[in-house]
There are 2 protein chains.
Amino acid sequence: MTVPVTRDLIVERADDLFYEGGFEATSFADIAVAVGISRGNFYHHFKTKDAILDAVISRRLRRTAEMLEAWKAEGSTPRERILSFIHILVVNRTKIMAFGCPVGTLCSELAKLDHGAQSRAAKIFSLFRDWLAVQFRALGLEDEAEERAMHLLTWSQGVAVMASAYRDEAFIHREVAGIERWLDDQSGMSIPQN
Amino acid sequence: MTVPVTRDLIVERADDLFYEGGFEATSFADIAVAVGISRGNFYHHFKTKDAILDAVISRRLRRTAEMLEAWKAEGSTPRERILSFIHILVVNRTKIMAFGCPVGTLCSELAKLDHGAQSRAAKIFSLFRDWLAVQFRALGLEDEAEERAMHLLTWSQGVAVMASAYRDEAFIHREVAGIERWLDDQSGMSIPQN
DNA sequence: CCACCGCTAGGACGATTGACCTAGATTGTC
DNA sequence: GACAATCTAGGTCAATCGTCCTAGCGGTGG
């Protein structure tokens, strides 16, 4: 809390609003109200809306990296660490049913807007992918680790989309159980199986 | 072609623009330019933007039903019919890499906008789900048919999200191959396996 | 020939958007 | 305590949004 407390607050609230309402649909005024400052004050901290988006993506990259680091400490085994990832779907089920996955929906929106920051947003996925690949490699899957990581990411994204489309909590639990079964089928298998 | 050729043209172009640019980001002016008519002329056919959205969703519902009906004719076996669904990912890979899945991204956006039409948009998913469930039931999966249908829908949605995030065509082919292997593991199995 | 009606064009509306400016308040430093 | 840098508030800007109105076009029926 050395200097930029207001700036951080702006990024934090903008992060939430971008998630819950989308980037395009969230206006300067919306963020200003959420933070509790005037619209004019905004321009002192961020010159453009894209600058806020950049800061939000940076924040998400940093927090994701921190979360993955924390999971390394909590879960001692690779399997437990991967389960930490899978269980985001359960832990955040309420918000996911309402707004989908923060990363997936942002990437989708930025892709449609043909926004230059889309590739940076996709790097949040890469953090998960690389981290998961390390865990799969520790499970004994050498060559297939990256592919398994992408598949797990894919599966969870699908669950997020369908869960928000139907707002079905039971569906999330069913699919998560399926992912866990799939995970336990992966360990040390020589023949690839999806 | 009895009467409403202009109206149909509006809905058709709006459908494309909503897919490629998103509902919120597409303005009346954008659609008018795409159709080649004046903005004022718009109001004669659609009083509100939501009315256009309704018409677009109706169009998608109708066209989806027609496509599923056509697949019944093309693919004689349930497996071939399901493969027709899976191969949308390959056939439409270019657009999917650029804009994601039309249904999934629309549902996600409407969810964030808290738009009343979200549940109607989700009915497009239901058309696929019910149709797929019929095919899985024909494969000998009685009780698990609906669950398998939802899983296949989930998987394909995940592929669409990740494919657009990374714009990776090889990834699509890899996952589609995985889906096909999964499909062939399903037929007539008594013990559920994901 | 005229009255009518579906369709079109183009402008105008109030509101809101992202962006920007300026003046005052606050803070920190010497 | 004076000064400079930083932060804040509130207003203004042109552009664009969805919405709406009206005048004119073209064909059809009486």
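Residues numbered from 1 in each chain as written. Chains lettered and ligands numbered in written order. Predicted model: local features only at pLDDT ≥ 70, side-chain atom pairs only at ≥ 80, totals over all residues. Heavy atoms only, no water.

S.K.: Any details on the environment of glycine 104 of chain A? Residues and values, ideally.
M.R.: With respect to the secondary-structure elements, glycine 104 of chain A resides in helix α8 (residues 102–112). With a relative accessible area of 4%, glycine 104 of chain A lands in the buried category. Each C-alpha atom of the pair glycine 104 of chain A and glutamine 157 of chain A lies 6.7 Å from the other, and the pair is 53 residues apart in sequence. Filtering out sequence-adjacent residues up to four positions away, glycine 104 of chain A remains in contact with Phe125 and Gln157 of chain A together with Val161 of chain B. (Helix = DSSP H or I, 4+ residues; strand = E, 2+ residues; numbered from the N terminus. Buried < 20%, exposed > 50% of the residue type's maximum accessible area, 1.4 Å probe, protein only. Contact = heavy atoms within 4.5 Å.)

S.K.: Kindly report on the protein's contact with DNA strand D, identifying the contributing residues and their values.
M.R.: With respect to spatial proximity, 15 residues lie near DNA strand D, and among them Ser38, Gly40 and His45 of chain A together with Tyr43 and Lys49 of chain B are the closest. When the atoms of DNA strand D within 4 Å of the protein are grouped by moiety, sugar and phosphate amount to 64% of the total. Here a phosphate oxygen of DNA strand D sits 3.2 Å away from a polar atom, N or O, in the main chain of serine 38 of chain A. The contact in question runs from a phosphate oxygen of DNA strand D to an N or O atom on the side chain of histidine 45 of chain A, over 2.7 Å. A total of four residues in the surface near DNA strand D trace back to one element, the largest contributor, which is helix α3 (residues 39–45) of chain A. Residue composition of the surface near DNA strand D, grouped by class: four nonpolar, 10 polar and one charged. (Near = heavy atom within 4 Å. Polar contact = N/O pair within 3.5 Å; in protein donor to acceptor, adjacent residues only side chain to side chain. Nonpolar A, V, L, I, M, F, W, Y, C, P; charged D, E, K, R; others polar.)

S.K.: Hey, could you go over the domain arrangement of chain A for me, with residue numbers and the actual values?
M.R.: All names here are of chain A. Looking at chain A, the domain boundaries give domain 1 (1–47) and domain 2 (58–186). Computed from C-alpha atoms alone, the centre-to-centre distance between domain 1 and domain 2 is 27 Å. Summed over both sides, the interface of domain 1 with domain 2 buries roughly 1000 Å², with 55% coming from carbon and sulfur. With its nearest N and O atoms 3.0 Å apart, the salt bridge here joins arginine 59 to aspartate 15. Run the count over domain 1 and domain 2 and you get seven residue pairs in polar contact (both at pLDDT 80 or more). Of the residues contributing to the side of domain 1 that touches domain 2, the split by class is four nonpolar, one polar and four charged. (Domains from an automatic or database assignment. Buried area = accessible area lost by both parts, 1.4 Å probe. Salt bridge = Lys/Arg side-chain N within 4 Å of Asp/Glu carboxyl O.)

S.K.: Outline the packing of helix α1 (residues 5–21) of chain A against helix α4 (residues 49–74) of chain A, supporting the account with residue identities and numerical values.
M.R.: All names here are of chain A. Direction vectors running N to C along α1 and α4 enclose 85 degrees, while the axes themselves pass 9 Å from each other. Regarding the angle of α1 to α4, the classification is roughly perpendicular. Listed contacts from α4 to Arg7, Val11, Glu12, Ala14, Asp15, Phe18 and Tyr19 of α1 are Ile52, Leu53, Ala55, Val56, Arg59 and Arg60. Of the residues in the contact of α1 with α4, the class split is eight nonpolar, no polar and five charged. (Axes fitted to C-alpha atoms, helices over the stretch in contact; angles between N-to-C directions. Parallel < 35°, antiparallel > 145°, perpendicular 65-115°, else oblique.)

S.K.: Report on the pattern of salt bridges, specifying residues and quantitative values.
M.R.: Counting across every chain of the model gives 23 salt bridges over all chains. A salt bridge links arginine 60 of chain A to aspartate 15 of chain A; the shortest N-O distance between them is 2.8 Å. Highlighted residues: arginine 60 of chain A in helix α4 and aspartate 15 of chain A in helix α1, separated in sequence by 45 residues. Residue classification places aspartate 15 of chain A among the buried residues on the basis of a relative accessible area of 9%. The closest approach of N and O atoms between glutamate 146 of chain B and arginine 129 of chain B, which form a salt bridge, is 4.0 Å. Pair noted here: glutamate 146 of chain B is in helix α10 (residues 145–166) and arginine 129 of chain B is in helix α9 (residues 118–138), with a separation of 17 residues, a long-range link. Overall, the relative accessible area of 19% leaves arginine 129 of chain B in the buried class. A single salt-bridge network, built from bridges that share partners, covers Arg129, Asp130, Arg137 and Glu146 of chain B.

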